[in-house]
Amino acid sequence: MPARLAYSVELKQIRNDVIKMGSYIEESVEKVMTALKNTNSKLAEEIMKEDDRIDELEREIERQCITIIAKQQPVATDLRKITSVMRMIADIERIADHCSDISEYIIELAKEKEIVTPLNVFDMIVAMKEMVLATIESYIEEDVEKAKWVIDQDDVVDDYFHQIKDELCIAMKHNPSQIKQYVDFLMIIKYVERMADHSTNIAGWIIFIATGKL
Amino acid sequence: MDRRKKDGIANFFIYASAGITVFLLVFIILFIVIKGLPGITIDFLTRNYEDKTTYVNIQLNKGEGGIGEDGYLPVLGAYITVNEQKGIALTKIDKDSPVKEAVDGLGEVYALKNKDTLTKIEDTAIDSYEKVKDSMTQEEYLKNIAEIFSEYAGQSVKIKVVRPGGGIVPMVVTTFYMIVLSLLIAAPVSILAAIYLNEYAVKGKLLNIIHFAIKNLAGIPSIIYGLFGSLFFVQILKMQYSLLSGAMTISIILLPTIITTTEETLKTIPNTYRESSLGLGATKLQTITKVILPSAVPGILVAVLLSVGRIVGESAALLLTAGTVAQIPKALFGNSASGATLTIKAYTLMKEENDLTTACAIGIILLIIIIGINISSKLITKKLLQKKGA
Amino acid sequence: MSLQKKCKFQVNDLNLFYGNFQALKNINMDIHENEITAFIGPSGCGKSTFLKTINRMNDLIDGVIIEGTIKMDGVDIYSDIDVIKLRKKVGMVFQQPNPFPMSIYDNVAYGPRVHGIKKKAQLDEIVEESLKRAAVWDEVKDRLKKNALSVSGGQQQRVCIARALAVEPDVILMDEPTSALDPISTMKIEDLALELKNKYTIIIVTHNMQQASRISDRTAFFLTGDMIEYGETEQIFNNPKEKKTEDYITGRFG
């Protein structure tokens, strides 16, 4: 009989829920990309609705963490796991929020006249998506190297952001009539950049779980 | 006075007291051993205390009479020699000697042994050699006797035999009887009483009074019990000086000791044993018989063994209830039930016969018994505690 | 969270006096079947006393007066059931591992034997089954004939649990069952309790409130004879309603 069976089960439940939450944002990020490509306001609305299930899951995991701290007095790695999870789920939830924020702008964009999507926007989103995916994988696999890779990758996304921002400024200068759409895009890439930042945070917590170093 | 001096003086007294104790113990034991050791012989350990006179019928061998150079008497199939006080004594008996099939007056076999003295053949008394030593030599004397025997060759003769005493067998047997009988009475009663006091009795004034009474009973000198016993058992109950009177009196003396020791043992048994057993749905009686008593056995056994020591050492009470006769009691009470234990005999030997050697020899036996009891009580406790896993 | 389970014990207006001293004051509570209910509180708060009223162990103490009722499955345990029968239904495990000074086998077989089971084969079966349920079979199966006091403290305690299980109780009372054990043995006993609750109703008294939080479904907090608060363990430890409870579980008591 493994020692502290009930406790192990509860820890596992939390882990499974975090992974579930990760798979939800994976889905959302994927959908955001598709919706942006096609300026699909219907899909965008769907993404916004799905944000609720992630919020709910976040609250559930939070509750489980508090209960396990109150009832099982986790220490050492277990304590790091629980406290990190509580911070991570906040970041995950922020990523989901940003998905729904981007979706709002997609709906805005759909109402306006279509413009040429700035170069590199999709490359940037793909880079961000890879980061999110790698983050979730590194949590599942407890892979410190992958998490470190995510942190390095943040610079790539930042570079994209500055590059696209500059491009958008030039475009705005040339096409003042479409300035609203360009501002929308500017907001979208800002959100993408923020999502990458949250992934970096999560990766930081994953390294903390494994090494105990903040 | 400085502290070191005080310490020195204190140490001196402590060591001196311990030294005196050990010295006294060793001195007493040595004194008894040295005085008593000459008295310890095979005869002392195996013979009756009193001389015993018996008439036996012996079917003498047929054939030649006379006597061999070495005192061999063919018709008896045994060697004879002159006895100091009276008659002749057997010294060595053939395997197929007729004296081994001697029959006493009741028709039972009474095999003669070495040192048995023959003092009369049919109606002819065998005078002691002392009386006739002026008129004949020892050989002539023995030859005369051989002639008397020759007359009866092949016939059955009635011979008066005196078996010499001087042994302690009756006292040993009486002591043993006394131990068994006293314990049979005292142990069950006191163990049950202890169980009542510890397991059943409601704590309160009554229990305190009982405990007070028991403590005081333990402190009363045994002569008081002896007086009571001699009045109540010996006279009022008309048991006379007897084994049972003695055993009953000793039982009363033992009661408080065994009760107290058993109760102490019962008290050391963790209360959770009782709670666990009752918690499993056992009744109180089941709890006591299956859990409490088995756990208390070592303590009870020690109590019983210490009682044995007490019985062996008891003198005053038995003097007044069991008598001083050196015989094996033939009944529990009544005329022939009297008997002296080793201790009583040691006392009477000193007091009435001034026989220090024999008294000390008995002392050695008593010492051996007491030391034996102490060792075995230690061993039992150790063994049982080991078994308990403690 | 937990389903509303069947109520095993109903305690109504229970008062208990040791002579003039009132040890329990107006206790009212329902104890649920197949749950672990923990009683916590400082020494002398009445939690052990209360535990012992449930299998009427307090009957053994002179001068105890009990008012109010405790019903087990609707039957008043102080008037409508024989105490022997009650104790067969409600087993008890004590603070100190206290196997009887006899073999492991005899310890476990003790209960069935006093209840009249004599067949060797049947006893063998009960002993094995009970030791298995108490999660100690594998450790002691080769030394059943050895003295129960020769195994480790944790194993002794589980043998004691097996001894309690052998009479097939519905309820197991545990009076600080791990306070004399090392942490590893403690965890084993806790795991065992969690496993046993599927089949039995367990009531545990503990000084160690973390233990209560870890294993119990419901917790009752006692203070000087009063039951201050009773509720789901999660609620008691996350969000106690009473200030006194909070002070106690956070260690600010006094």
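In this text the structure is predicted, and so the values were computed from the model without any measurement.

Asker: Could you give an account of the overall build of chain A, naming the residues involved and the relevant values?
Answerer: Summing up its helical and strand segments, chain A has six helices and zero strands in all. Taken over the C-alpha atoms alone, chain A extends approximately 70 × 30 × 20 Å along its principal axes. A burial count over chain A gives 50% of its 214 residues as buried. Taking as baseline every contact in chain A between residues at least 6 positions apart, the subset at least 24 positions apart corresponds to 84%. In chain A, 27 side chains carry a positive charge and 41 a negative one; their mean positions are 3 Å apart.

Asker: A description of the overall build of chain B should follow, citing residues and the corresponding values.
Answerer: A count of helical and extended segments in chain B gives 13 helices and eight strands. Expected size for 390 residues packed as a compact globule is a radius of gyration near 21 Å; at 29 Å, chain B overshoots this value by more than 25%. Accessible area for chain B stands at about 21,200 Å²; split by element, carbon and sulfur atoms hold 63% of it. Of note, chain B has its 38 positive side-chain charges centred 18 Å away from the centre of its 32 negative side-chain charges.

Asker: Outline a nonpolar patch on the surface, listing residues and values.
Answerer: Residue and element names in this part refer to chain B. A surface patch of nonpolar side chains, about 610 Å² in accessible area, is lined by I20, F23, L24, F27, I28 and F31. Counting through the fold element by element, F27 comes out in helix 1 (residues 3-36). Classification of F27 as partly exposed rests on a relative accessible area of 47%.

Asker: So what's going on with the arrangement of the chains? Residues and values would help.
Answerer: Where the two pairs of chains in contact are concerned, the greatest contact count is recorded for chains B and C. For the non-touching pair chain A and chain B, the nearest C-alpha separation works out to 27 Å.

Asker: Describe the domain arrangement of chain B, and please don't skip the residues or the numbers.
Answerer: Annotation of chain B at the domain level lists domain 1 (55-163) and domain 2 (169-389). When each unit is reduced to the centre of its C-alpha atoms, the spacing between domain 1 of chain B and domain 2 of chain B is 49 Å.

Asker: Which residues make up the pattern of salt bridges, and what values go with them?
Answerer: Within this structure, the stated rule accounts for 38 salt bridges over all chains. For the salt bridge of E234 of chain C with R63 of chain A, the shortest nitrogen-to-oxygen distance reads 2.8 Å. Pair noted here: E234 of chain C is in helix 9 (residues 233-238) and R63 of chain A is in helix 2 (residues 41-72), and the two residues belong to different chains. What makes E234 of chain C buried here is its relative accessible area of 15%. Linking K267 of chain B and E263 of chain B is a salt bridge whose minimum nitrogen-to-oxygen distance equals 3.8 Å. Placement of both K267 of chain B and E263 of chain B in helix 8 (residues 243-268) is noted, with a separation of four residues, approximately one turn of the helix. What makes K267 of chain B partly exposed here is its relative accessible area of 48%. Linked through salt bridges whose partners overlap, the residues forming this network are K6, K8, E33, D73, K89 and D170 of chain C.

Asker: Please give an account of helix 1 (residues 47-54) of chain C that cites residues and values.
Answerer: Most of helix 1 of chain C is tucked away, with seven of its eight residues classed as buried. Just past helix 1 of chain C, the residue R56 of chain C takes up positive phi, approximately 60°.

Asker: I'd like a description of the interface of chain A and chain C, backed by residues and values.
Answerer: Counting from both sides, the interface comprises 13 residues of chain A and, opposite them, 15 residues of chain C. Around 1,100 Å² of area is buried between chain A and chain C when both sides are counted, 55% of it from carbon and sulfur atoms. Run the count over chain A and chain C and you get one salt bridge. Summed over the shared surface of chain A and chain C, the number is nine residue pairs in polar contact (both at pLDDT 80 or more). Mapped onto the side of chain A that touches chain C, the elements with two or more residues apiece are helix 1 (5-38) and helix 2 of chain A. Sorting elements by how many residues they give to the side of chain A that touches chain C places helix 2 of chain A first, with six residues. Class assignment of the residues belonging to the side of chain A that touches chain C gives a composition of seven nonpolar, three polar and three charged.

Asker: So what's going on with the packing of aromatic side chains? Residues and values would help.
Answerer: A complete count under the given rule lists 14 aromatic pairs over all chains for this structure. Taking the centre distance of 5.9 Å and the plane angle of 20° together, the rings of F23 of chain B and F27 of chain B count as stacked. Of this pair, F23 of chain B and F27 of chain B both sit in helix 1, four residues apart, which is roughly one turn of that helix. Residue F23 of chain B is classed as exposed on the basis of its relative accessible area, which comes to 54%. Aromatic pair F232 of chain B and F233 of chain B: ring centres 5.3 Å apart, planes at 70°, arrangement edge-to-face. Within the aromatic cluster, the residues linked to one another by ring pairs are F228, F232 and F233 of chain B. Over the aromatic face of Y55 of chain B sits the side chain of K158 of chain B, whose NZ or CZ is 5.5 Å from the ring centroid. The ring centre of Y105 of chain C lies 4.0 Å from the NZ or CZ of K145 of chain C, which sits over that ring.

Asker: Run through the side chain of S295 of chain B, naming residues and quoting values.
Answerer: Here S295 of chain B shows up in helix 10 (residues 284-313). One polar contact links the side chain of S295 of chain B to the main-chain carbonyl oxygen of V291 of chain B, over a distance of 2.7 Å.

Asker: So what about the side chain of R87 of chain C? Which residues, and what values?
Answerer: With respect to the helices, strands and loops of the structure, R87 of chain C is situated in helix 2 (residues 83-89). Within the buried core, R87 of chain C has no salt-bridge partner, and the shortest N-O distance to an opposite charge, that of D59 of chain C, equals 4.7 Å. When near neighbours in sequence (up to four residues on either side) are disregarded, R87 of chain C contacts L278, G279, L280 and G281 of chain B together with N55, R56, M57, D59 and L60 of chain C.

Asker: So what about the interface of chain C and chain B? Which residues, and what values?
Answerer: At the junction of the two partners, chain C supplies 24 residues and chain B supplies 21 residues. Between chain C and chain B, the buried area comes to about 1,900 Å², and carbon and sulfur atoms account for 62% of it. One can count one salt bridge joining chain C with chain B. Salt-bridge contacts for K52 of chain C lead to E275 of chain B; the nearest nitrogen and oxygen are separated by 3.9 Å. At the junction of chain C and chain B, the tally comes to six residue pairs in polar contact (both at pLDDT 80 or more). Of all elements in the fold, only helix 2, strand 6 (90-93), helix 3 (104-114) and helix 6 (153-165) of chain C reach the threshold of two or more residues within the side of chain C that touches chain B.

Asker: Now, about the nonpolar core: what can you tell me, with residues and values included?
Answerer: Counting residues in hydrophobic clusters, the biggest one holds 69 residues, and the most contacted among them are V18 and I61 of chain A. Put simply, the parts of the chain that give this core at least two residues each are helix 1, helix 2, helix 3 (76-111), helix 4 (121-141), helix 5 (144-174) and helix 6 (179-211) of chain A. The greatest single-element share of this core, amounting to 15 residues, is contributed by helix 6 of chain A. Apart from residues lying up to four places away in sequence, V18 of chain A is in contact with I61, V85, M88, I89, I92 and Y139 of chain A. Counting 61 residues, the second-largest nonpolar core is a separate cluster that includes M171, L183, L244 and I292 of chain B.

Asker: I'd love a proper account of a negative patch on the surface, names of residues and values included.
Answerer: All names here are of chain B. A cluster of acidic side chains, namely E50, D51, E352 and E353, defines a negative patch on the protein surface. Note that E50 resides in the loop between helix 2 (42-46) and strand 1 (52-59). When its relative accessible area of 47% is taken as the criterion, E50 is described as partly exposed.

Asker: How would you summarise the pairing of strand 1 (residues 7-18) of chain C if you had to cite specific residues and measurements?
Answerer: Working note: regular strand, side chains alternate between the two faces of the sheet. All names here are of chain C. Alignment of strand 1 against strand 2 (residues 21-32), held across eight bridges, turns out to be antiparallel. Looking across to strand 2, one finds that F9 is bridged to I31. Between strand 1 and strand 2, which pair antiparallel one after the other, the connecting turn spans two residues, and G19 there sits at a positive phi close to 60°. As judged from the eight bridges shared by strand 1 and strand 4 (residues 64-72), these two strands associate in the antiparallel manner. By the bridge assignment, N15 is partnered in strand 4 with E67.

Thresholds applied
Residues numbered from 1 in each chain as written. Chains lettered and ligands numbered in written order. Predicted model: local features only at pLDDT ≥ 70, side-chain atom pairs only at ≥ 80, totals over all residues. Heavy atoms only, no water. Helix = DSSP H or I, 4+ residues; strand = E, 2+ residues; numbered from the N terminus. Buried < 20%, exposed > 50% of the residue type's maximum accessible area, 1.4 Å probe, protein only. Contact = heavy atoms within 4.5 Å. Lys, Arg positive; Asp, Glu negative; His and termini not counted. Charge placed at Lys NZ, Arg CZ, Asp CG, Glu CD. Rg over C-alpha atoms; globule rule 2.2 N^0.38 Å. Areas by Shrake-Rupley, 256 points an atom, 1.4 Å probe, with all protein chains shown as cover. Patch = residues over 30% accessible without salt bridge, like charges linked within 9 Å, V, L, I, M, F, W, Y side chains within 5 Å. Salt bridge = Lys/Arg side-chain N within 4 Å of Asp/Glu carboxyl O. Domains from an automatic or database assignment. Buried area = accessible area lost by both parts, 1.4 Å probe. Polar contact = N/O pair within 3.5 Å; in protein donor to acceptor, adjacent residues only side chain to side chain. Nonpolar A, V, L, I, M, F, W, Y, C, P; charged D, E, K, R; others polar. Phe/Tyr/Trp six-rings, centres within 6.5 Å; stacked < 30°, edge-to-face > 60°. Lys NZ or Arg CZ within 6 Å of the ring centre and 35° of its normal. Core = buried A, V, L, I, M, F, W, Y, C linked by side-chain atoms within 4.5 Å. Pairing = 2+ DSSP bridges.

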